[in-house]
Number of protein chains: 2
Amino acid sequence: VRIQGSGAVRPVQRLSSDDIDRRMGRTVGWTASNFAIAERGVASGDETSSSLAAEAARAALDVAGWRAEDLDAVVGACAVMEQPIPGAATLVQRRLGLGDSGIPAFDVNATCLSFLVALDLASMGFAAGRWRKVLVFSADIASAALNFDDPEASVIFGDGAAAVAVEAAPGPSAMLGFRMETYGDGADLCRLEAGGTRVRPAPDIDAFLAAASFRMDGPGVFKATARRFPRFLERLMAGSGVSLADLAVIAPHQASAAALEHLRRSVQAAGDKVIDIFADHGNQIAASMPSALHHAITSGRLRRGDLALLVGSAAGVSLAGAVIRY
Amino acid sequence: VRIQGSGAVRPVQRLSSDDIDRRMGRTVGWTASNFAIAERGVASGDETSSSLAAEAARAALDVAGWRAEDLDAVVGACAVMEQPIPGAATLVQRRLGLGDSGIPAFDVNATCLSFLVALDLASMGFAAGRWRKVLVFSADIASAALNFDDPEASVIFGDGAAAVAVEAAPGPSAMLGFRMETYGDGADLCRLEAGGTRVRPAPDIDAFLAAASFRMDGPGVFKATARRFPRFLERLMAGSGVSLADLAVIAPHQASAAALEHLRRSVQAAGDKVIDIFADHGNQIAASMPSALHHAITSGRLRRGDLALLVGSAAGVSLAGAVIRY
């Protein structure tokens, strides 16, 4: 894969941590100091996953110099959909003026790692000679399912979208390595249970509403991922034939300030290569990693020919990472 | 791809069309005669997408003679998830006893065409040398979101699950052709709007509940797909280098009796090759196509070395098809 363009969009409305403290009757400054987040975007008005994603997609296509009609596929990579049917990719295809184009649109979901899995699948499609130009977007409206009575599972999240225009690279693949590990034993550590077919509004609407907020066992998920991370990273890097010292940047999922600090410690000397946009973006779920990647590009920290590590963890629990040449 | 094993599961509880008529105060026989469906499965008790899918998956693995530990990936291909976070593939991975295995699990969604898109992505992974053995499953609990006051958008659906164990084929790919076309202009023709991040329980619970049932403009979706189908099929078959006469079976999405009749007319002399399990399965959304494929295999209509056409339409609207050698 070769990333020819990228874009990232946050909602117009910002919510500061101090405003959350005021709303919840907490000491102003409590959220900012405990979670190292100043503010996050909150979708409002007509803003939805597909509207933000389409805006990010248009920006990515502009940078690539592509017309939307040139795409071979539109791949959605969101954690929680705007609506169950049809999927986000179809809605974004329509918003891009491609509603009568026939260009295939489908979605890929691996919660916070959706973007990385979709990018990997795009690389397989390129390797198989099936596609040349693909749009991959991620968008999540975390604010739809947050319970601010549970700070750890709410204040760290922000809404947003990001997209990349990716092309089959000439010559050997620009994806030097990819690794994903899923440990379903941790499926209850991060969960949003209502919204699918199991927990339904009828007959017990109160149980439904209780299950309609995201719930997280923070220490549990940290433990489940942290203990597996060193071996995972070692295998990913070994499979890529690249050392941490070779990287220009590490563009991680922005899980939390603590998770980013853990990552910096894990990669030791490469710690200053970690892109950290958490303080004013929050954890944007699937949109986090492509937003960090976009930031690495636009800030000039990732330049043509450079190597980047995309890496993160997700509900599942899953770990995934890729080494790409930009 | 080479399908080494398949399985299909329906819920224990059956709901007859006559029982629907009685419940809704209609003349007994009305639903059966108008929609050509006698009964369908309805999940009850502990039955969920992941429980039915795991049962289908175990059957598919048994037929293939594989241990679950041999898998390189677990790919979910459901239309509407059991719960938004984590995804169905993670839940099924855990149910298969793989919760500490690290085997990657992720989901692919193209509503009723999810299975076909996932199978295509598996074939790309094989072609790229990334995987050798993959489990693809589809499961949908349609009964969670049906409004029987709207017969056309409710009585045709049934719950179920199906899975296939697929392996990288030795030599040239066993997927001879694949084609997908998406027309997002039709995004409003089939929709389930509540359950994602746009339509929320608060502040208007009544609007939420109204949007929590599947809605379909039957004539609209038929028109949007039927007018594009002949050219789509012609291109798919031409790209596969196979004629309809070469096929042993056509295993379609079981959209409705009318859709299956339209397909039989469209393929003319090949009409008797169409697998039709609609009358006692209904439209099982994403699980329909793999259930039809499984039926083709177990009924002896599809034998080793035979060619099969998998084809269907989905919300979006999308059309997709693949020609595979079994």
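The structure contained in this document is the topic of the report that follows. All values derive from a computational prediction rather than experimental measurement.

1. Considering the packing of aromatic side chains
And step 1. Within the structure shown, the criterion is met by nine aromatic pairs over all chains.
And step 2. The ring of A:Tyr183 carries A:Arg228 above its face, with NZ or CZ at 3.7 Å from the centroid.
And step 3. In this structure, B:Lys133 packs its charged tip against the face of B:Trp66, placed 5.2 Å from the ring centre.

2. Details of the interface of chain A and chain B
And step 1. Tallying the contact residues gives 67 residues for chain A and 66 residues for chain B.
And step 2. Counting the surface lost from both chain A and chain B, the interface buries some 5,500 Å², and carbon and sulfur atoms represent 62% of this.
And step 3. Taken as a group, A:Ile85, A:Met124 and A:Thr197 account for 12% of the area that chain A buries against chain B, more than any other trio of residues on that side.
And step 4. At the junction of chain A with chain B, the criterion picks out eight salt bridges.
And step 5. Residue A:Arg228 pairs with B:Asp100 through a salt bridge whose shortest N-O separation is 2.7 Å.
And step 6. Of all the secondary structure elements, the ones that give two or more residues to the side of chain A that touches chain B are helix 4 (88-95), strand 5 (105-109), helix 5 (114-127), strand 8 (175-182), strand 9 (190-191) and helix 6 (205-210) of chain A.
And step 7. Per element, the largest residue contribution to the side of chain A that touches chain B is six residues, and it comes from helix 5 of chain A.

3. Quick notes on the pattern of salt bridges
A side chain of one charge can pair with a side chain of the opposite charge if their charged atoms are brought near each other.
And step 1. Under the criterion given, the structure shown has 30 salt bridges over all chains.
And step 2. Measuring nitrogen to oxygen at the nearest pair gives 3.3 Å for the salt bridge that ties B:Asp188 to A:Arg94. Here B:Asp188 is found in the loop between strand 8 (175-182) and strand 9 (190-191), whereas its partner A:Arg94 is found in helix 4 on a different chain.
And step 3. Exposure remark for B:Asp188: the relative accessible area of 44% places this residue in the partly exposed category.
And step 4. In this structure, A:Arg198 engages A:Glu193 in a salt bridge whose closest nitrogen and oxygen atoms are separated by 2.9 Å.

How each quantity is defined
- Residues numbered from 1 in each chain as written.
- Chains lettered and ligands numbered in written order.
- Predicted model: local features only at pLDDT ≥ 70, side-chain atom pairs only at ≥ 80, totals over all residues.
- Heavy atoms only, no water.
- Phe/Tyr/Trp six-rings, centres within 6.5 Å; stacked < 30°, edge-to-face > 60°.
- Lys NZ or Arg CZ within 6 Å of the ring centre and 35° of its normal.
- Contact = heavy atoms within 4.5 Å.
- Buried area = accessible area lost by both parts, 1.4 Å probe.
- Salt bridge = Lys/Arg side-chain N within 4 Å of Asp/Glu carboxyl O.
- Helix = DSSP H or I, 4+ residues; strand = E, 2+ residues; numbered from the N terminus.
- Buried < 20%, exposed > 50% of the residue type's maximum accessible area, 1.4 Å probe, protein only.

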